Amino acid sequence: MADETTAASTRATTPARATSTEASPLRTEHGTTTISDTVVTKVAGIAAREVPGVYALGGGASRALGAMTQRVGIGDERSQGVSVEVGEREAAVDLTLVIEYGESIPQVSNRVRENVIKRIEGICGLSVTEVNVTVNDLHFAGDEELPETRVQ
Amino acid sequence: MQEGFSPAAAGAGSTVPAVSERLVLARLALAAALSAPGVVGSDAGRLGTRTTLDGLARLPGVTAVVLPDGRYGVSLYLVARLVPLHPLAERVRALVARAAATAGLAAALGPVDIAFENVVENAGAPPV
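Below is a short write-up of the structure. Since the structure is predicted, the reported quantities are computational estimates derived from the model, not experimental observations.

Considerations on the overall build of chain A
From N to C terminus, chain A includes four helices and six strands. When its helices and strands are written in sequence order, chain A yields α-β-β-α-β-α-β-β-α-β. Within chain A, contacts between residues separated by at least 24 positions form 76% of all contacts whose residues are at least 6 apart in sequence.

Structure, rendered in C-alpha cells:
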C-alpha cells in the first residue's frame, strides 16, 4: 500500500488559546496541576477515533504489537499511533492514521486535527501548538474478514 | 507543628495512639480527592513509590512532605474521568482544604499538587 502522508501543522490562533499561554491555570498559590503524557495521549487517541472516516490508529507493526499486548492485558488501543510532547502549557501531537477508502484524506485529517485540539484544550487545558497527521494506510471494507477455515 | 497529632485523640483521656499530622493530612487528602465526582482512583506509580505508609496499611497515590516553613505539601496522583481537568483539580483542592480545616489542620496544610496520571473513558471502567 502506498503511503500517503499529509503532514501539516495547526498553529494556535484563537483568542482562548492565546490567553491560555499567558495565564496558566496549572500553577497557583495553592499548588500545581500536572497532566501526564499518558492522559494527553489517551485524549488525543480517543478524539481521533471519534472522527468518521478514521478506521484505526497506528502503523501496521504497532497495530500488530498492540493487538498482542491487548490480548495479554498490558496494552491500550487508545494510545497506539499517538505520540505527544507535553510542556507546561502546550502540547504537540503526532498521529498515525488508517483511513477508510473513499474518504477525503485532507478533510478527515482536518477534522481529526480540529477534534484533537478541541478535546485536549477542553479536557487538559493545554494549548495545542501542532497536530501532525500521517496517513499510513487505507482500509477497504472486507479487509478484516477472516479467511475460511478448513475445519468446520 | 504538633508531633503526634490525632483528631481522634484530641479529646481528653483518649487512648487512641497518636498519629503524625503528616499521616492525617495524607489520609484526609486522599479521602477528599476520591470523593470528588470525576475522580476514579489514585495511582501509586509503576513501582508503587507514590504511596504513604500508614502503619501496616498503604495510602496509594498520595504523599505528604514537610516544607521548610513547617507546613506539609501534599501531592495527589489521580486517575480521572474524561472531564475538564483543571476545574476538577480546583474542586479537589477545595475539598482537601475543607477536610483539613474540619480536622483542625488548616494551618498545617501547604500547597496541594495534583497530577493526573491517567484517564478512563467509561464511567464504569476500573482505575488503571
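Quick notes on the overall build of chain B
Along its length, chain B carries two helices and six strands. The secondary structure elements of chain B, listed N-terminal to C-terminal, are α-β-β-β-β-β-α-β. Burial status across chain B gives 38% buried among its 128 residues. Contacts in chain B between residues at least 24 apart in sequence constitute 64% of all its contacts with a sequence separation of at least 6.

Description of the interface of chain A and chain B
Counting residues at the interface gives 17 residues for chain A and 17 residues for chain B. Sorting the residues of the side of chain A that touches chain B by element identifies strand 2 (31-35), helix 2 (37-49) and helix 4 (105-124) of chain A as the ones contributing at least two each. Each residue belonging to the side of chain A that touches chain B can be placed in one class, and the counts come to seven nonpolar, nine polar and one charged. One ladder, built from three bridges, connects strand 2 of chain A with strand 6 (residues 109-120) of chain B; its direction is parallel. Bridging from a neighbouring strand, A:Thr33 pairs with B:Ile114 of strand 6 of chain B.

A look at the pairing of strand 5 (residues 72-81) of chain B
Residues and elements named next belong to chain B. Within strand 5, eight of the ten residues are buried, which leaves the element mostly enclosed by the surrounding structure. Examined bridge by bridge, strand 1 (residues 39-42) and strand 5 share three bridges and lie antiparallel to one another. Each bridged residue has a counterpart across the sheet, and for glycine 41 the counterpart in strand 5 is valine 79. Relative to strand 5, strand 4 (residues 62-66) is paired through five bridges, and the arrangement is antiparallel. Each bridged residue has a counterpart across the sheet, and for valine 65 the counterpart in strand 5 is glycine 73. Since strand 5 and strand 6 lie parallel, the crossover through helix 2 (residues 85-102) that links them has a hand, and here it is right-handed.

A closer look at helix 2 of chain B
End to end, helix 2 of chain B covers 26 Å across 18 residues, agreeing with the expected 26 Å (1.5 Å per residue, within 8%). Among the residues making up helix 2 of chain B, those that are buried are B:Leu85, B:Leu88, B:Ala89, B:Val92, B:Arg93, B:Leu95, B:Val96, B:Ala99 and B:Ala100. Seen along its axis, helix 2 of chain B keeps its buried residues to an arc of 165°; they face one direction. Every exposed residue of helix 2 of chain B that faces more than 90 degrees away from the buried side is listed here: B:Pro87 and B:Thr102. Its buried side turned inward, helix 2 of chain B meets strand 2 and helix 4 of chain A together with helix 1 (21-34), strand 1, strand 5 and strand 6 of chain B. After helix 2 of chain B finishes, the residue B:Gly104 shows a positive phi value of roughly 75°.

Some points on the packing of helix 1 of chain B against helix 2 of chain B
Residue and element names in this part refer to chain B. Running from N to C, helix 1 and helix 2 point in directions that differ by 135°, and their axes come no closer than 8 Å. Between helix 1 and helix 2, the angle is such that the two are oblique. Seen from above, helix 1 lies across helix 2 with right-handed handedness. Across the interface between the two elements, Leu25, Leu28, Ala29, Ala31, Ala32 and Ala33 from helix 1 touch Val92, Leu95, Val96, Ala99 and Ala100 from helix 2. A breakdown of the residues in the contact of helix 1 with helix 2 according to their chemical character gives eleven nonpolar, no polar and no charged.

Some points on the packing of helix 2 of chain A against helix 4 of chain A
Residues and elements named next belong to chain A. Two numbers describe how helix 2 lies on helix 4: the axes approach to 8 Å, and their chain directions differ by 140°. Comparing the axis directions of helix 2 and helix 4 gives the class oblique. In the packing of helix 2 onto helix 4, the handedness of the crossing is right-handed. Of helix 4, the residues touching helix 2 (which contributes Val39, Val40, Val43, Ala44, Ala47 and Ala48) are Val112, Asn115, Val116, Arg119, Ile120, Ile123 and Cys124. Residue composition of the contact of helix 2 with helix 4, by class: eleven nonpolar, one polar and one charged.

So, the pairing of strand 6 (residues 127-139) of chain A
All names here are of chain A. With eleven bridges joining them, strand 5 (residues 90-100) and strand 6 adopt parallel strand pairing. Paired with valine 93 across the two strands is valine 131, which belongs to strand 6. Each parallel crossover has a hand, and for strand 5 linked through helix 4 to strand 6 it is right-handed.

Concerning the environment of B:Glu90
One can find B:Glu90 in helix 2. Expressed as a C-alpha distance, the spacing of B:Glu90 and B:Ile114, which sit 24 residues apart in the sequence, is 9.2 Å.

The rules behind the values
Residues numbered from 1 in each chain as written. Chains lettered and ligands numbered in written order. Predicted model: local features only at pLDDT ≥ 70, side-chain atom pairs only at ≥ 80, totals over all residues. Helix = DSSP H or I, 4+ residues; strand = E, 2+ residues; numbered from the N terminus. Contact = placed C-beta atoms within 7 Å. Buried ≥ 20, exposed ≤ 12 C-beta atoms within 10 Å, placed from the backbone. Nonpolar A, V, L, I, M, F, W, Y, C, P; charged D, E, K, R; others polar. Pairing = 2+ DSSP bridges. Right-handed = clockwise from strand over helix to strand, strands pointing away. Expected span 1.5 Å × (residues − 1). Arc of directions from axis to C-beta. Axes fitted to C-alpha atoms, helices over the stretch in contact; angles between N-to-C directions. Parallel < 35°, antiparallel > 145°, perpendicular 65-115°, else oblique. Left-handed = near helix turned anticlockwise from the far one by under 90°.

Honestly, that's just the spatial picture; any functional story needs more than this.
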